[in-house]
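Below are the chains, spelled out letter by letter.
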Amino acid sequence: MTVSMKNYVSVVSETIDLQLDASQIERVAMHLERTKLMCKELMDLDFSPECELVEIYVPAPYPVQLPNRTL
Amino acid sequence: MKHTIRDRIEQQILTIERLDPAVNAFTFRSFERARLEADRADALINSGVPNSPLCGVGYGVKNLFDVQGVTTLAGSKILAQSPPASSDAVLVERLHLAGAIMLGCLNMDEFAYGFTTENSHFGPTRNPHRLSCIAGGSSGGSGASVAAGMLPFSLGSDTNGSIRVPASLCGVWGIKPTFGRLSRRGTYPFVNSIDHLGVLANSVELLSASYDAIQGPDPLDPGCAAESIHETFTSHKLGIEGLRIGILGGYFSDHALVDAHSSVEMVAKVLGACQTVTWPDATLARAAAFVTTASEGGILHLEELKRQADEFEPLSVDRFLAGALQPVEWYLKAQRFRRLYRQKVNDLFKDWDILICPATPVPAIEIGTEWLEINGHKLPARAAMGILTQPISYAGCPVVAAPVWPDSGEGLPLGVQIIAAPWREDLALRVAHVLQVSGVCRVKLPVLN
């Protein structure tokens, strides 16, 4: 496991007030190393700009018909 | 002499009391409620009111479903001090209305993060077909209780394979419907963007009847996309003529060992399926599902992790911690990938109606197994049991897990996934029915004392 991953775990956990002891940092860093390896191909994907997140916030259902109102 | 539903439920209670000490599927037995519901079902029948196929049928729920008057544990001792649920989960309410009889709450991996139900707080659930082996998870109690003959059916949840893995390893039927099909209101979440609920059962008829009974829109659940009920029970008779059925190769073949290949061959033979099909981006989908699960699951429990990490399940706490610390880039890329992935999977189903592949890479492993070797790769056993289910649930497709008993399995089952396009549970259940009639897929009662 890399020193940088252990440092990452140590710094980020401290930033969010998650107390981890040395052995937890070691084990969590090992998990993240394994995940990083697993998702390398995913990280290397080249997304086009229009490939947005799978679901996008919609403020309200698109109206079938706009209400016919006169001011 | 005429036997009442109450008589039958009393027999079932005796069976649970006799078998569960060995299997450890139940974390709570709701026998008083069951007796009341049985008397109500008897009264309904005596009054001549037409009843549903579930009237008087016993069931249990994974202990992440709210059951009125019972504390929802989600497999955790942290929640054990929480107040009892004030009402039933929506699906439990619907089963009550159908006349089904709640017999208890069932063991699971803590917060559903696991595929083995090796729960350190409540003990491991044991596989009824070999007690030294895992039942699969995270709905392990749901699978083992049906396999042991303690319950005809049960409710479970499936984020990455948690219905299909125990169904495969325990040799029972399971259905993980389309993502968004069923209301999740009144259940303890794990990963909002992938959580599904579903059923495990001892026959296709019961699987279908219980699945039909729990369907329906729920305007109060933002995750429920269903606008109507797509009834499946009467569609079995349509058979499989005309259905285009393929066998998944590539990733799904490469991550399967000999018993898994045997199970698929047995099923393919009955269905007349011979063409191999490639599922798009399965490796990427598994990675994306893993990252999504870890991030959402870790953040869901972050406050408890800060306060009492040492009270978590020792087998999964490090995964929760790691998930809470994952870089946001990983999560966002997984979400962008998921849009592309959905399109590719939906395109695949323009050419196919049903695709089949194994549900697990191997049959049930011994409790405590740490590593699995799959085709030259040494993998953590607890995570690897879901390697063949994860890519499918990430797409949200409906799947029926069919119980198969490969000759090479030394008496242990290994299930096959019957996968359909989103919202086509009916097709998967039609195929399941044909497989059941053929005798190749069936539930076998174990010899337990």
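A brief report on the enclosed structure follows. (Residues numbered from 1 in each chain as written. Chains lettered and ligands numbered in written order. Predicted model: local features only at pLDDT ≥ 70, side-chain atom pairs only at ≥ 80, totals over all residues.)

Quick word on the overall build of chain A
When helices and strands are counted, chain A shows three helices and zero strands. Along the chain direction, N to C, the helices and strands of chain A fall in the order α-α-α. Relative to a compact globule of 71 residues, whose C-alpha radius of gyration would be 11 Å, chain A shows 22 Å and is clearly more extended. Counting over 71 residues, chain A shows a buried share of 14%. (Helix = DSSP H or I, 4+ residues; strand = E, 2+ residues; numbered from the N terminus. Rg over C-alpha atoms; globule rule 2.2 N^0.38 Å. Buried ≥ 20, exposed ≤ 12 C-beta atoms within 10 Å, placed from the backbone.)

Some remarks on the pairing of strand β3 (residues 101–106) of chain B
All names here are of chain B. Among the six residues that make up β3, six are buried, leaving the element largely enclosed by the rest of the structure. Note that strand β1 (residues 26–29) and β3 share three bridges and pair antiparallel. Looking at the pairing, Phe-26 lines up with Leu-106 of β3. Of the pairings in the sheet, the one linking strand β2 (residues 58–62) to β3 comprises five bridges and is parallel in character. (Pairing = 2+ DSSP bridges.)

Quick look at the nonpolar core
Residues and elements named next belong to chain B. The biggest cluster of nonpolar side chains holds 152 residues, and the ones touching the most others in it are Trp-173, Ile-356, Ala-402 and Ile-418. Looking at this core element by element, the count peaks at nine residues for helix α9 (residues 282–300). Excluding anything up to four places from it in sequence, Ile-418 contacts Ile-354, Ile-356, Val-399, Val-400, Ala-402, Ala-428, Val-431 and Ala-432. (Core = buried A, V, L, I, M, F, W, Y, C linked by C-beta atoms within 7 Å. Contact = placed C-beta atoms within 7 Å.)

Side note on the sheet that holds strand β11 (residues 245–248) of chain B
Note: strands within a sheet are paired through backbone hydrogen bonds, in either parallel or antiparallel orientation. Residues and elements named next belong to chain B. Overall, mixed pairing links the eleven strands, which are arranged β1-β3-β2-β8-β10-β9-β16-β17-β13-β11-β12 in an open sheet. The open sheet has two edge strands, β1 and β12 (276–277), and neither has a second partner. As paired elements, β11 and strand β13 (residues 354–358) share three bridges and run parallel to each other. Following the sheet pairing, Ile-247 is matched in β13 by Ile-356. Across the sheet, helix α4 (residues 140–147) is in contact with β1, β2, β3, β8 (153–158) and β10 (196–201); its angle to β8 comes to roughly 155°. (Axes fitted to C-alpha atoms, helices over the stretch in contact; angles between N-to-C directions.)

Looking at helix α2 (residues 31–46) of chain B
All names here are of chain B. With 16 residues, α2 should reach 22 Å at 1.5 Å per residue; the first-to-last C-alpha distance of 22 Å fits that figure. Within α2 the residues assigned to the buried category are Ala-34, Glu-37, Ala-38 and Ala-41. The arc enclosing the buried residues of α2, seen along the axis, measures out at 105°, which places them on a common side. Facing away from the buried side of α2 by over 90 degrees, the exposed positions are Glu-32, Ala-43 and Asn-46. Buried positions along α2 lie against α1 (5–23), β2 and β3. After α2 finishes, the residue Gly-48 shows a positive phi value of roughly 80°. (Expected span 1.5 Å × (residues − 1). Arc of directions from axis to C-beta.)

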